[in-house]
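Overview (structure and organization)
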Amino acid sequence: MGSEALKAANTMQVRQHNKTVIRQAMLCLRQATRPQLAQKTGLSQVTVSAVLAELMEKGEVESCGSVPSEGGRPSACYRYRGERHNAGVLYTYQMEGRTLVQLEVFDLFGDRVDRASRFLGDLRPESFDALLDAAFQETPGIRTLALGVPGQVEGDKILFCDHRALAGDALSRRWKGRYHVPVLLENDVNAAVLGYVQGLRGEVAGLTAGLYFPGRFGPGMGLALGRSPWPGRQGFVGEFHYLYGLDQWNGMDHGNPAAVEETAARYLRAVCVMAGPERVVLYGDIFRPGSEEAIRQKVEKTFYNAYGLQLEVRRDMGPDYSVGMKALALRQLKRTLFGTAWEEE
């Protein structure tokens, strides 16, 4: 590459970087003046003005009047139009022995602008059509879709799913053809454990394991390394159905608390030996008050009280699941709109 071409490439890189920094600041502040953006980003007001002019031309930013400034003329104020683009999120999980499908729509700010849910039977690719059709009609600007499923996922394909009819790539092909947007698929427990670690305070070191015991189907697990999901090769992490030595769950009496706790402890012992997580969260409405301590004692007894297990039981996986799917969907939305440069900042 010649010197002129290299100089032009570097200039383009700098402009892209500046644009990304301003976008991030505007999404954080929602509205700001040029001096405020210059202070937050470290860029000069001349650079800020140039980037704002480009973003206004694209319709991303609009003028919203002026605000008083210190000892001078009022400063022009600009607002980021984050409500123009939205991400649709669907996730399925078991509640009281039934399959709940939850739909949420978030704008670029992460504000929820729509929500709907319904209980469904055996899921098929067309099972979601009514919910999604209504969402696209009521909320313009949905630019990406994300789905959490109880299964093993790789790219656009579901390799294994508790809802057998969802296996394969028929669902992602259906949504792309019907709604003309990118589709992101994620394992349910991977998304939940991602949501769980987002809520932890301070530095999150090492592995976090989340195990889901849904009752109707077999257990599954997700891992997070720090604050990022760790699905492993081809999403194999936590796919316990491949291990015949851990298949006692479906044949046991889920109404027997002692049996539930002993079986959950058996899974957890295997996870501790194979992965050694720093902390573990167990999900499932089959657990009772006191299950957390009972399971922890069973595991620690096996390890001669040497492990120091940080264990928490959450009967409802929904809140963590929602937070994790929201984070994944917003990342996908920004990638769709702004490219991979956004992730590199």
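Residues numbered from 1 in each chain as written. Predicted model: local features only at pLDDT ≥ 70, side-chain atom pairs only at ≥ 80, totals over all residues. Heavy atoms only, no water.

What follows is about the sheet that holds strand E6 (residues 112–120). Strands sit in the order E6-E5-E4-E7-E10 across an open sheet of 5 strands; the sheet is mixed. Looking at the sheet topology across the chains shown, the edges are occupied by E6 and strand E10 (183–187). Each adjacent strand pair in this sheet contributes to an overall mean axis angle of 15 degrees, direction not counted. Running over the sheet, helix H4 (residues 129–138) touches strand E4 (86–95), strand E5 (98–107), E6 and strand E7 (142–149) and is turned about 165 degrees from E6. (Pairing = 2+ DSSP bridges. Helix = DSSP H or I, 4+ residues; strand = E, 2+ residues; numbered from the N terminus. Axes fitted to C-alpha atoms, helices over the stretch in contact; angles between N-to-C directions. Contact = heavy atoms within 4.5 Å.)

Consecutive residues of a regular strand have side chains that alternate between opposite faces of the sheet. Along strand E12 (residues 220–225), 5 of the 6 residues are buried, which leaves the element largely enclosed by surrounding structure. With 6 bridges joining them, strand E11 (residues 207–212) and E12 adopt antiparallel strand pairing. Bridge pairing in E12 links Ala209 to Leu223. The pairing of E12 with strand E13 (residues 228–229) spans 2 bridges and is antiparallel. For Ala224, the partnering residue across the bridge sits in E13 and is Pro229. (Buried < 20%, exposed > 50% of the residue type's maximum accessible area, 1.4 Å probe, protein only.)

Glycine aside, a negative phi is what most residues show, and trans is what most peptide bonds show. Positioned with a positive phi, His180 is a non-glycine residue whose angle comes to about 60 degrees. Position of His180 relative to the elements: it lies in the loop between helix H5 (170–179) and E10. Accessibility expressed as a relative area gives 65% for His180, which makes it exposed. Positive phi values are uncommon outside glycine, yet Gln234 reaches one of about 55 degrees.

Running from N to C, helix H6 (residues 188–198) and helix H9 (residues 318–338) point in directions that differ by 95 degrees, and their axes come no closer than 6 Å. Of the possible angle classes, the one that applies to H6 and H9 is roughly perpendicular. On H9, the residues that touch Asp188, Ala191, Ala192, Leu194, Gly195, Tyr196 and Gln198 of H6 are Asp320, Tyr321, Val323, Gly324, Met325, Ala327 and Leu328. Among the residues making up the contact of H6 with H9, the classes are represented as 9 nonpolar, 3 polar and 2 charged. (Parallel < 35°, antiparallel > 145°, perpendicular 65-115°, else oblique. Nonpolar A, V, L, I, M, F, W, Y, C, P; charged D, E, K, R; others polar.)

By the definition in use, this model includes 22 salt bridges. Close ionic contact of Arg269 with Glu262 constitutes a salt bridge, the shortest N to O distance being 3.6 Å. You can call Arg269 buried: its relative accessible area is 18%. With its nearest N and O atoms 2.7 Å apart, the salt bridge here joins Arg296 to Glu293. Placement of the pair is Arg296 and Glu293 together in helix H8 (residues 291–302), with a separation of 3 residues, close to one helical turn. Residue classification places Glu293 among the partly exposed residues on the basis of a relative accessible area of 35%. (Salt bridge = Lys/Arg side-chain N within 4 Å of Asp/Glu carboxyl O.)

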